[in-house]
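So you can see what is in the structure, the chains are spelled out below.
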Amino acid sequence: ASMRRRLALAIAEVPGLASLRNVIEAVYARAAASSWPAMQRIHGDLHLGQVLAVPGRGWVLLDFEGEPLRPMAERNTPDLPLRDVAGMLRSFDYVAGAYALAHPGLSATDWSLACRRAFVGGYSARSGHDLRANRVLLDAFEIDKAVYEAIYEVRNRPDWLSIPVAAITRLAARAAAG
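Just so it is clear, the structure is predicted and the values come from calculations on it, not from any experiment.

Thresholds, definitions, all that
- Residues numbered from 1 in each chain as written.
- Predicted model: local features only at pLDDT ≥ 70, side-chain atom pairs only at ≥ 80, totals over all residues.
- Heavy atoms only, no water.
- Helix = DSSP H or I, 4+ residues; strand = E, 2+ residues; numbered from the N terminus.
- Buried < 20%, exposed > 50% of the residue type's maximum accessible area, 1.4 Å probe, protein only.
- Contact = heavy atoms within 4.5 Å.
- Core = buried A, V, L, I, M, F, W, Y, C linked by side-chain atoms within 4.5 Å.
- Salt bridge = Lys/Arg side-chain N within 4 Å of Asp/Glu carboxyl O.
- Pairing = 2+ DSSP bridges.
- Polar contact = N/O pair within 3.5 Å; in protein donor to acceptor, adjacent residues only side chain to side chain.
- Axes fitted to C-alpha atoms, helices over the stretch in contact; angles between N-to-C directions.
- Parallel < 35°, antiparallel > 145°, perpendicular 65-115°, else oblique.
- Left-handed = near helix turned anticlockwise from the far one by under 90°.
- Nonpolar A, V, L, I, M, F, W, Y, C, P; charged D, E, K, R; others polar.

Visitor: What am I meant to see in the environment of Val 154 here?
Guide: Examined against the element boundaries, Val 154 turns out to sit in helix H6 (residues 135–156). We classify Val 154 as partly exposed; its relative accessible area is 25%. Val 154 sits 133 residues away from Arg 21 along the chain, and the two C-alpha atoms are 18 Å apart. Those residues in contact with Val 154 that sit more than four places away from it in its chain are Glu 13, Val 14 and Leu 161.

Have a look at this one:
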């Protein structure tokens, strides 16, 4: 229900998304009907800005606060780790999108796709949980995160709106293709 409300709000603020509504709602419906893995406490706002490569230690998470605008009780409520996975996947797209905006005519799409594949592969290998088993849920969470980003960008950084809109379009097209 919260995904659908966010989508309606995004369409009101970014009317160009209206043509994708039926496909996105179908993704949400498939996710709602799918088997959900166990819930746990998650970060809730995980992205590359909260991860640091430390020589000799590997990757270190810098922030365990989660979404600062959400009340602490909400942040402590168990949720699906796939929400954090979706946040990281969106973060790779954001780097590529910001690079393209700063360097017209150049693209970091191949880099983003390679990072996404590496992250999904590494997550699956280290967790022992193959993310492909929950692809429908992951797609729904990633689209929802991009929908949230579209609302944020139209309100705060309209010049960056193309980043989440491109992701929503790509993810919806993939979902429509099956």
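Visitor: What am I meant to see in the nonpolar core here?
Guide: Soluble globular proteins tend to pack their nonpolar side chains together in the buried interior. Membership of the largest hydrophobic core comes to 38 residues, with the highest contact counts inside it found for Leu 17, Ile 24, Tyr 28, Leu 82, Ile 143, Val 147 and Ile 168. When contributions to this core are tallied by element, the ones reaching two or more residues are helix H1 (2–13), helix H2 (21–33), helix H4 (81–102), helix H5 (109–127), H6 and helix H7 (162–177). Looking at which element gives the most residues to this core, the answer is H6, with nine residues.

Visitor: Got a minute to help me understand the pattern of salt bridges in this structure?
Guide: Side chains that differ in sign of charge can pair as their charged atoms come close. Overall, the coordinates contain 12 salt bridges when judged by the stated rule. For Arg 6, the salt bridge identified is with Asp 144, shortest N-O distance 2.8 Å. One end of the pair, Arg 6, is in helix H1; the other, Asp 144, is in helix H6, and 138 residues separate them in sequence. Judged by relative accessible area, Arg 6 falls into the partly exposed class, the value being 24%.

Visitor: Where do I start with the side chain of Ser 91 in this structure?
Guide: Position of Ser 91 relative to the elements: it lies in helix H4. Taking relative accessible area as the criterion, Ser 91 reaches 9% and is therefore assigned buried. For Ser 91, the residues in contact, after removing those within four places along its chain, are His 47 and Leu 48.

Visitor: What exactly am I supposed to notice about the pairing of strand S1 (residues 51–54) here?
Guide: Each regular strand carries side chains that alternate between the two faces of the sheet. Two elements, S1 and strand S2 (residues 58–61), share four bridges in a ladder whose sense is antiparallel. In the sheet register, Val 54 faces S2, and the bridge partner there is Gly 58. Between the antiparallel neighbours S1 and S2 lie three residues, among them Gly 56 with a positive phi of about 85 degrees.

Visitor: Just checking my understanding: could you explain the side chain of Asp 139 for this structure?
Guide: Secondary-structure assignment places Asp 139 in helix H6. Residue classification places Asp 139 among the buried positions, given a relative accessible area of 14%. Only 2.4 Å separates the side chain of Asp 139 from the side chain of Arg 174, close enough to count as a polar contact. For Asp 139, the contacting residues outside a window of four places in its chain are Val 27 and Arg 174.

Visitor: How should I be thinking about the packing of H2 against H7 in this particular structure?
Guide: Geometry of a packed helix pair, given as the angle between the helix axes and the separation of the axes. Where H2 contacts H7, the axes come no closer than 9 Å and their chain directions differ by 65 degrees. The angle between H2 and H7 falls in the class roughly perpendicular. For the pair H2 and H7, the sense of crossing is left-handed. Contact residues: Val 23, Ile 24, Val 27 and Arg 30 in H2; Ile 168, Ala 172, Ala 175 and Ala 176 in H7. In terms of residue class, the contact of H2 with H7 is made up of seven nonpolar, no polar and one charged.

Purely spatial values, then, with no claim about function.
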